[in-house]
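The primary structure of each chain is shown beneath.
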Amino acid sequence: MKNRAGAYSLYLGLIILFSVAVAYLAPVSWSTLKSLFPRSDRVRPPFSVEALNPVVSAIAAEAKDAGLRKGDRILSVNDRQFAGYGVMMDAFANAHPGDWLTVTTQRQEGGRSQQQILKIRLAPAPGPSRSLGETVTIVEWSIVTPWFCLLLGFWVAAVRPRDGLAWLLLGLMISFSQIANEMELPLLQGWERDVAVGYHKFFASAWPIWMLLFGVYFPERSDFEKRRPWLKWILIGPLLFFAVTDTVVTVGSIESFSSVQRLYRLVHPLNTFAFVLGMVAVGTFFANLHSKQATTANCDARRRLTLLVVGTQVSLTPMFILILYGLWRHAGPLDNVPSWLAVLALLMCSLFPITLAYVIVVERALDVRVVIRQGVRYALAKGGVRLLRVAASVAIIAAIISLISRPKTSWSLDIIVIAAGWAILIYVRKIGERLVNWIDRRFFREAYNAEQILSDLSEKVRTIVETRPLLEIVAQRISESLHVLRVALLLDNGGIYHPAHAVGYAGLPDVRFNDGDVIVKHLQKVKQPLRVNLKDSDLWLNEPGEMDQEESARLKELAAQLLLPLAAKEKLLGFITLGPKQSEEPYSGSDLRLLQSVATQTGLALENSRLTAAIAAEVAQRERLNRELEIAREVQERLFPQDLPPVPGLDYCGACRPAFGVGGDYYDFVSLASGELGIAIGDVSGKGISAALLMASLQASLRGQTIDGGCELSKLMGNVNRLVYDASASNRYATFFYSQYQPGNRSLTYVNAGHNAPMVLRKNEGTWDIIRLETGGPVVGLLPGAAYEHATLILHPGDMLLAFTDGISEAMNPAEEEWGEKRLIEAAKDCLTLNAAGIIDKLMKAADAFAAGAVQHDDMTLVVARVVAFDSTASAAAVGVA
C-alpha cells in the first residue's frame, strides 16, 4: 500500500508540474507564433521604467507628445496605483492601437514636486522585419525546442517515476526550454501569471544546477562524487540561492516594487559572480562526462557517453563563445554579431535536447523502451496475434461449411475443400506461433524454455568442483534464461560477503556485507529466496526498521530485486543477487522454485569445491613444508664437519641424527692455526627450525672466535655467550662444550657451558676410570655477562673422549624408561677395540635397541675421540710446536 501511495504521489506531482509547464508554454508559444506575422491590433509600449523603480527610463514618440519626460515617476496607470509591472501588463493585455492610456506622473522641477495626468494615445507595434532564416530560428528555438524538451522530460519521468535520473532529466529539459523564452504573457493575468513567471524564472536560472547534477549522476554516480558527496554543494548552494532570489525578485516586482527592492539591492551586484558560478557548473557537467567516458569499462556506456559528450559540445560551444564575446564587449551574447552567426548559434543549441533524446531513447541509456514494451504494447501485440489466429480460423471454418453446404457439389470437391481448409488452418497456426515467439523475443520474454534450462543447470552444477567455473556458469545461465541483466554472486570470506563474480556490471561491484547486516541474518535464518523492495523494507523483511540506509544503498548499487541464499547444512556460504528482468516482469512463483533449486545445488557444489580446494591447499602446503624441511636438513648437514682434518695420535668422529629432519644439536671439529683441534658439541633449547637457526648462529659465533686461535677458552666462551645472547630471543639458549686438543703433549683444554658433562673413559690395570669434564659456567645465550672457567686434562694413550647430548642418554623405550648414562658407559666399554666411527655406530644401535621402536623424541648427537700411540718427535715436527 505504501508503494502504491508513493507512486500516486509521484504521478500527482508530475501532473501538477506538467499543468504549470503547459499553462506557461502554451500562451508563450501562441504569442510568439502571432508575432511572426504582421498585426494591426498590437500596441507598442509607450514608455519603460527603471529596474524595480517606477521612474521613466525611455519613452516613445506618442508618450513624448503627451508630455511624458524621462525621470518622471509613474504614480498610476488607468487609475491603478503603479506598484509593480503587473499594472502595465494588465493595461496592455486588452489594449488596441488608438486606445487611450491614462498615466498619473510626478515630476521634480525647480525643487518642487508636481503631479499631472497624461493621456497617451497608444500606437501600433511595428511589424516584423526578419529574414527567413531568423523566422525559422525563432520557430525552432522558441516553439519547437521548448515543446520537444517538455515532452521528452515528462515522458521519461512518467515512464520511470521512481528513477531519480529521470527526474533529473525532467528538470534539465524544463530549464533548457525556458532559457530562451521571454516572460511576456499577454494571455495570463493575476495569480496564474505570477505562477507562470515564477516557474519560468526559477527553471531558467536553475539550468546550471540541473546540468551539474545530470553530469554527476548520469549514467551513474561518478567515483569522485562518491568519495566527496559534499563537494557539489559548494556550487549548488549558491546557485540555488541565486535562482530562488531571482525568482522572488521577478515575481515580486510584478506585484510590488517596494517588497523586493532590498533583496534586489542585495543580489544585483552579485550577478557577475552568479554567472561565473553557472559557467563553472556547466563546465563540471562536461568534466564529469569526460571522466566517466575515460574510466568506464562498459563498451555500451562508453558509446553513450561519447555520443552525449560530442553532441552537447557541438551544440553548446558556439553559444558559449558568443557569450564570452559579449562579456568582453559588455553586451548581450547576440548583440552586435552578424545575424547569420546568431541564427547558427541558436540552431546549434537546439541540438542539445535532440542529443539527449537520441542517447536516452535510441541508445537506451534509461531503457525507457523496455518499460513501454512491458505495458500495453506487449499485451496488445500478443493478444492481437491470438485474436487474428482465432478470426482466421473462424473464417476458414465458415468458408468450408459454406462451400460444402452448397447444392450440386461433388464429394471429391468437398474433400479437396476440407483438406485445403485444414492445411490453411495448420499453416495459420504455425504462423501465429512464430509471431508470438517473435514478440516474446522482442519484449524479452522467455522465447525458449527457461524451466528446462534452469533444471539442467541445477543438475550440472553438482559435477563442478572448481569455484570459478561454477560461479561463471551459474551467473551466465540465470542471466540468459530469465533475461536478467545484472547477476552477482557474493561469497563468505571470514564473515564478510563480497562479490566473487558478476554479470552486467562494469566490474566487480565494490560492496561488502557482514554477518551483522539485516540481510545476511535474514538469509541465514530463512534460507529461502527473498524479494527486495528498497522503497519499504517493512514489506519484505520481518525485522521492521532495522535495515539502515547504508545497507539499502549497497543493495541499490547491486540493483537487487531478488536474493538467493547459497547454503550448505546450517552455514550460509553466500548469496546471489538478481537485478530486474529486461521485461520488468516480477519474478514468478515458478521462477522462485527453479532458482531455489539452482541455489541449493550451487551451495552444495560450492561446499564441495571449498573442501576440494582446502584439501588441495593442505596437500600443497604439506609438500612445500616437506620440501623446505628437506632443504633445511641439507643445509644443516652442510654445517656439520664434512672432512676430518688428520691429527697425529687422535682418532675422532662425530654424528648427529635429528628427531624432526632438522634439529638444534651441534657438533664441530675446528682445525686451528696452532695445529690444535677444536672439539665442540652443543644442544640448543627447543626443536625444529627455530633450534636449527640458533644452532647455525652458535656455529658461526664459535668459528668467528677461533679463527685466530689466540684467546683463552674462558674468554672465548664469554664472547660466544654474548654473541648468541644478542642473536637470540630471551627464552632461547644452548648448552655447549668446547675443547682444544694439543697433539704434541696430548693436553685437552676445555670449558663446559651447562652441557651434559663429557666423559673420558680410561682403563687402568683392568679397571675403568670415568673422568667427567664439568668445569665451565652457565649455558650460553641466557645471561649476557656470564663468566666461565677453563680446565686442562692430559690424555693417555687408549683414553676415549665421549661427548653426547641428552637425546642419547635420555632415549626411551615404550615403557618410558631412559637408557641413561650408566648404560651408555657400559656400551662404550665394549667398544675399546673399535675405531671412533665404529664406536658411534655401535652406541647408536645400542640406544635404538633399548628404545625398541619407540619414537625418537629428541636429537641424538655423539662425538668420540680416541688417543692412540704415535711418534711424538714426528708429531712435533708436523705441527711445529712442542
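To be clear, the structure that these remarks concern was listed above.
Just so it is clear, the model here is predicted, and its values are computed rather than measured. Each chain carries its own residue numbering, running from 1 in the direction its sequence is written. At least 70 in pLDDT is required for a residue's local features to be given in this predicted model, at least 80 for side-chain atom pairs to be given and counted, and no such filter applies to totals for whole chains, interfaces and linings, which use all residues. The side-chain numbers reported here are obtained from all heavy atoms of the structure, hydrogens and water having been left aside.

Q: Explain the overall build of the chain residue by residue, including any values.
A: Strands are runs of DSSP state E lasting at least 2 residues, helices are runs of H or I lasting at least 4, and numbering of each runs from the N terminus. Of the regular secondary structure elements, the chain holds 27 helices and 23 strands. Contacts in the chain between residues far apart in sequence, at least 24 positions, make up 68% of those at least 6 positions apart. In what follows, residue pairs with any heavy atoms lying within 4.5 Å of each other are defined as contacts.

Q: Tell me what's going on with the pattern of salt bridges, and back it up with residues and numbers.
A: Pairs may arise between side chains of opposite charge once their charged atoms sit close together. Salt bridge criterion: a side-chain nitrogen from Lys or Arg within 4 Å of a carboxyl oxygen from Asp or Glu. Per the counting criterion, the structure on display carries 13 salt bridges. The closest approach of N and O atoms between Glu 618 and Arg 622, which form a salt bridge, is 3.0 Å. One end of the pair, Glu 618, and the other, Arg 622, are both in helix α21 (residues 589–639), four residues apart, so they sit about a helical turn from each other. Using a relative accessible area of 47% as the deciding quantity, one classes Glu 618 as partly exposed. In this structure, the salt-bridge partner of Lys 829 is Glu 826, at a minimum N-O distance of 3.4 Å. When accessible area is computed with a 1.4 Å probe and restricted to protein chains, residues below 20% of their type maximum are described as buried, those above 50% as exposed, and intermediate ones as partly exposed.

Q: Mind laying out the packing of helix α6 (residues 190–205) against helix α7 (residues 207–217), listing which residues take part and the relevant values?
A: Close contact between α6 and α7 brings their axes to 4 Å; oriented N to C, the two are set at 50°. Our classification of the angle between α6 and α7 gives oblique. Residues Phe 203, Ala 204 and Ser 205 of α6 pack against Trp 207, Pro 208 and Trp 210 of α7. Inter-axis angles, ranging from 0 to 180 degrees, are taken between N-to-C directions of lines fitted to C-alpha atoms, where helices are fitted over the stretch in contact. For classification purposes, angles smaller than 35 degrees are called roughly parallel, those larger than 145 roughly antiparallel, those between 65 and 115 roughly perpendicular, and all remaining angles oblique.

Q: Tell me about helix α22 (residues 688–706), residues and numbers included.
A: One less than the number of residues in a helix, times 1.5 Å, gives the span that helix is expected to have. Compared with the 27 Å implied by 1.5 Å per residue over 19 residues, the 27 Å span of α22 between its first and last C-alpha is a close match. Residues Gly 688, Ala 691, Ala 692, Leu 694, Met 695, Ser 697, Leu 698, Gln 699, Ser 701, Leu 702 and Thr 706 constitute the buried set of α22.

Q: I'd like a rundown of the pairing of strand β1 (residues 47–50), residues and numbers included.
A: Two strands pair if DSSP finds at least two bridges between them. Pairing analysis gives four bridges linking β1 to strand β2 (residues 53–59), with the strands arranged antiparallel. Its bridge partner being in β2, Phe 47 is matched across the sheet by Ile 59. Between β1 and β2, which pair antiparallel and follow one another directly, the connecting turn spans two residues, one of which, Leu 52, has a positive phi of 55°.

Q: So what about the packing of aromatic side chains? Which residues, and what values?
A: Any two of the Phe, Tyr and Trp rings considered here, Trp counted by its six-membered ring, make a pair once their centres fall within 6.5 Å; the pair's planes then place it as stacked at under 30 degrees, edge-to-face at over 60, or tilted in between. Overall, the coordinates contain 16 aromatic pairs when judged by the stated rule. Among the aromatic residues, those joined into a cluster by ring pairs are Phe 640, Tyr 652, Tyr 667 and Phe 669. Only lysine NZ and arginine CZ atoms are considered, and such an atom sits over a ring when it is within 6 Å of the ring centre and within 35 degrees of the ring normal. The ring of Phe 513 has Arg 554 lying over it, and the distance from NZ or CZ to the ring centre is 4.9 Å.

Q: Please give an account of a nonpolar patch on the surface that cites residues and values.
A: Each patch groups residues whose relative accessible area exceeds 30% and which form no salt bridge, using 9 Å between like charges and 5 Å between nonpolar side chains of Val, Leu, Ile, Met, Phe, Trp and Tyr. With residues, only the protein chains shown are counted as cover, and all accessible areas are computed by Shrake-Rupley using a 1.4 Å probe. A cluster of nonpolar side chains, Phe 148, Val 310, Val 314, Leu 351 and Ile 354, forms an exposed patch at the surface whose accessible area comes to about 380 Å². Within the residue set of the nonpolar patch, elements represented by two or more residues are α12 (299–329) and α14 (351–362). Within the fold, Val 310 resides in helix α12. Residue classification places Val 310 among the partly exposed positions, given a relative accessible area of 46%.

Q: Break down the nonpolar core for me, with residues and values.
A: Leu 172, Phe 214 and Phe 352 are the most contacted members of the largest nonpolar core, which totals 59 residues. Top element by residues in this core is helix α5 (residues 164–178). It accounts for nine residues. Aside from chain neighbours lying at most four places away, what touches Phe 352 is Leu 172, Met 173, Phe 176, Trp 207, Met 211, Thr 312, Ser 315 and Leu 316. Nonpolar core, defined: a set of buried Ala, Val, Leu, Ile, Met, Phe, Trp, Tyr and Cys residues in which side-chain atoms within 4.5 Å join the residues together. Judged by nonpolar contacts, the second largest core, of 46 residues, contains Leu 677, Val 720, Phe 736 and Leu 748.

Q: Could you give an account of the sheet that holds strand β22 (residues 800–804), with specific residues and numbers?
A: Taking strand neighbours across the sheet as the criterion, the five strands line up as β13-β23-β22-β18-β19 in an open arrangement whose pairing is antiparallel. With partners counted over all chains shown, the strands left at the sheet margins are β13 (650–657) and β19 (767–772), one partner each. In this sheet, adjacent strand axes meet at a mean angle of 15° when their direction is disregarded. Relative to β19, strand β18 (residues 759–764) is paired through six bridges, and the arrangement is antiparallel. In the strand pairing of β19, Lys 763 is matched with Trp 768. Across the sheet, helix α26 (residues 836–851) is in contact with β13, β22 and β23 (860–867); its angle to β23 comes to roughly 145°.

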